[in-house]
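In case you want the letters, here they are:
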Amino acid sequence: MAMTTVTFPSGVEIGDLNGQGNCLQCHQGRASTVQVNNAIEGQDPDAVLEDQGFISVHYRPAAATRWGGEVSGAYEYPNREYVEFFEHTRDYQQCSQCHDAHSLQIDPQECAPCHSNVVGVADLRGIRDDDTDWSGRGETTQGVAVEIDTLWSRLYDAVRLYAAEVVGTPIVYSAGANPYFFIDTNGDGVADPEETVGSNSYASWTPRLLRAAYNLHYMQMDPGGFAHNPRYMIQILHDSLADLAEQVDVDMTGLIRP
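The structure presented is a predicted model; accordingly, all values stated were derived computationally and were not measured.

Colleague: What is the right way to look at the overall build of the protein in this model?
Modeller: Along its length, the protein carries eight helices and four strands. Shown N-terminal to C-terminal, the secondary structure of the protein runs as helices and strands in the order β-β-α-α-α-α-α-β-β-α-α-α. The C-alpha atoms of the protein give 19 Å as radius of gyration, which agrees with the globular expectation for 258 residues (18 Å, within 12%). Taken along its principal axes, the extent of the C-alpha atoms in the protein is 50 × 45 × 40 Å.

Right under this line is the structure:
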């Protein structure tokens, strides 16, 4: 029997699945704004939490990205509005209309009629929906994926700066080594093999650092986010940077929030 609803980690139930139930069930992630808020509720945003580990969304939360602010898969900051379900064209609304149901591969020729730059899969990263310079790079000819990558790099720099200056314990990130965040023992910003071990996992989480790090990791876990819901991804990165900017020097000049 086909699924009729799927409940996301935020507790939000999505219906009208059109045969996408299995996709949403497996690609919804395992955490959301709710789980992060449960961990930091009522705490000083810049005080280290006791016995708090990193909260990970888990692997490939594409469905959470696609439904955006409806299901709050990334950490959404209070008093901000977030875009919801990302509408694509009429014939490409369901997961299996873009992805092979088994391999998850994409046929770039399906995209080429609307996106004339697309010849191979790598060209998908060159797609953009308008000429807005979201990341303040002063350049709008490259794809929205580059905008997201630029903001991600700036967020990583800000996370490292906050950890060093406010918390006093340098941090380093490795997307391929659980639990992903470690003490940067030599302060070089590189996740060295001897640092990315369980005994060196980062444990000095403040609420402000935890929510920014959650979003930093979320972006890496959905590498197709630029296609699944690009403006949601940009909003999340922008708000994470703005929050850290309340405590450390983060240059927000030229950044535009969708």
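Next, the rest of the story.
Colleague: Just checking my understanding: could you explain the pattern of salt bridges for this structure?
Modeller: Opposite charge on two side chains lets them pair, provided their charged atoms get close. According to the stated counting rule, one finds eleven salt bridges in the structure shown. Of the charged contacts in the structure, one is a salt bridge between Glu-147 and Arg-128, with a shortest N-O distance of 3.0 Å. Of this pair, Glu-147 sits in helix α5 (residues 144-167) while Arg-128 sits in the loop between α4 (95-98) and α5, and the two are 19 residues apart along the sequence. For the residue pair Glu-147 and Arg-128, the accessibility class agrees, reading buried in each case. Connected via shared salt-bridge partners are Asp-46, Arg-208, Arg-211, Asp-243 and Glu-246.

Colleague: Just checking my understanding: could you explain α5 for this structure?
Modeller: An α-helical turn contains 3.6 residues, so a residue and the one three or four places further along point in the same direction. The end-to-end C-alpha separation of α5 is 33 Å, in line with the 34 Å expected for 24 residues at 1.5 Å each. Directly beyond the C-terminal end of α5, a positive phi value near 90° is found at Gly-168.

Colleague: Would you take a moment to explain the packing of aromatic side chains for this structure?
Modeller: For any two aromatic rings, the description comes down to two numbers: the centre-to-centre distance and the angle of the planes. Under the criterion given, the structure shown has 13 aromatic pairs. Between Trp-67 and Phe-85, the aromatic rings sit 4.7 Å apart at their centres with planes inclined by 55°, giving tilted as the arrangement. Of the two residues, Trp-67 sits in helix α3 (residues 62-67) while Phe-85 sits in the loop between α3 and α4, which places them 18 residues apart along the sequence. What makes Phe-85 partly exposed here is its relative accessible area of 22%. Judged by centre distance (4.8 Å) and plane angle (40°), the ring pair of Tyr-173 and Phe-181 falls under tilted. Neither residue differs from the other here; Tyr-173 and Phe-181 are each classed as buried. In textbook terms, an aromatic cluster arises when at least three aromatic residues are bridged by ring pairs, as seen for Phe-54, Trp-152, Tyr-156, Tyr-173, Tyr-180, Phe-181, Tyr-202 and Trp-205.

Colleague: Even after reading the chapter, I still don't get the packing of helix α2 (residues 33-40) against helix α6 (residues 207-221), so can you show me in this structure?
Modeller: The angle between the axes and the distance between the axes are what describe a pair of packed helices. Between α2 and α6, the least distance of the axes is 10 Å, while the angle of their chain directions is 165°. Judged by the angle between their axes, α2 and α6 are roughly antiparallel. α2 and α6 meet at a crossing whose hand is right-handed. Packed against α2, whose contacting residues are Val-36, Ala-39 and Ile-40, the element α6 presents Pro-207, Leu-210, Arg-211 and Tyr-214 at the interface. Split by residue class, the contact of α2 with α6 holds six nonpolar, no polar and one charged.

Parameters and conventions
- Residues numbered from 1 in each chain as written.
- Predicted model: local features only at pLDDT ≥ 70, side-chain atom pairs only at ≥ 80, totals over all residues.
- Heavy atoms only, no water.
- Helix = DSSP H or I, 4+ residues; strand = E, 2+ residues; numbered from the N terminus.
- Rg over C-alpha atoms; globule rule 2.2 N^0.38 Å.
- Salt bridge = Lys/Arg side-chain N within 4 Å of Asp/Glu carboxyl O.
- Buried < 20%, exposed > 50% of the residue type's maximum accessible area, 1.4 Å probe, protein only.
- Expected span 1.5 Å × (residues − 1).
- Phe/Tyr/Trp six-rings, centres within 6.5 Å; stacked < 30°, edge-to-face > 60°.
- Axes fitted to C-alpha atoms, helices over the stretch in contact; angles between N-to-C directions.
- Parallel < 35°, antiparallel > 145°, perpendicular 65-115°, else oblique.
- Left-handed = near helix turned anticlockwise from the far one by under 90°.
- Contact = heavy atoms within 4.5 Å.
- Nonpolar A, V, L, I, M, F, W, Y, C, P; charged D, E, K, R; others polar.

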